[in-house]
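Descriptive analysis of the structure
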Amino acid sequence: MFYFIGFPGVKYHFDCCCPACIEPNEVSDQRRIDMRKFDREIDKASPQECLQLVEDILQLYDDEDVQLQALRGRACLDACAACARLRDDRALRHWAQPAQQHYTWGLGPLHALTRKAASYASAPQRHQLW
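Residues numbered from 1 in each chain as written. Predicted model: local features only at pLDDT ≥ 70, side-chain atom pairs only at ≥ 80, totals over all residues. Heavy atoms only, no water.

Some words on the pattern of salt bridges
Evaluated as defined, the whole model comprises four salt bridges. The salt bridge involving Asp39 is made with Arg74; its shortest N-O contact spans 2.4 Å. On the criterion of sequence distance, the pair formed by Asp39 in helix H2 (residues 26-42) and Arg74 in helix H4 (residues 69-86) is long-range, its members being 35 residues apart. Overall, the relative accessible area of 33% leaves Arg74 in the partly exposed class. Here the residues in one salt-bridge network are Arg31, Arg32 and Glu64, joined through shared partners. (Salt bridge = Lys/Arg side-chain N within 4 Å of Asp/Glu carboxyl O. Helix = DSSP H or I, 4+ residues; strand = E, 2+ residues; numbered from the N terminus. Buried < 20%, exposed > 50% of the residue type's maximum accessible area, 1.4 Å probe, protein only.)

A look at the environment of Pro124
Within the element layout of this structure, Pro124 appears in the segment after helix H6 (112-122). With 36 residues separating them in the primary sequence, Pro124 and Asp88 have C-alpha atoms 8.5 Å apart. Ignoring sequence-local partners within four residues, the contact set of Pro124 consists of Asp89, Leu92, Arg93, Ser119 and Trp130. (Contact = heavy atoms within 4.5 Å.)

Comments concerning unusual backbone geometry
Its identity is not glycine, yet Asp65 carries a phi of approximately 60°, on the positive side. Structurally, Asp65 can be placed in the loop between helix H3 (47-64) and H4. The exposed category is assigned to Asp65, whose relative accessible area is 53%. Its identity as a non-glycine residue notwithstanding, Arg87 has a phi of 60°, on the positive side. Along the chain, Arg87 turns up in the loop between H4 and helix H5 (89-107).

The following block contains the structure:
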């Protein structure tokens, strides 16, 4: 399959040979569509809806064996934002810890997102939405 992937200001053209493209599967395709849909809905959702969407998207990542740690970290930081809006420091810490771990694995321990997640884990009230 030939895919056209666009990022702001940059375009990539390539022949995709990942397992999802080589052996298309309707269930897998629907999960990937849902991932994109849920990711778009997170920013507009209420805090409670956001937390459910994060749970759902992380489950889809597991079902599809998506190992991009930065995606997982971002989902966990989205949950942190929802928890900050709810003023729930215990839940914010709960989500900050896996965010920190995913970012450490994916981006390294000194990356700004790793450090941001670590600061939320140690002091949830530091979140800008608190």
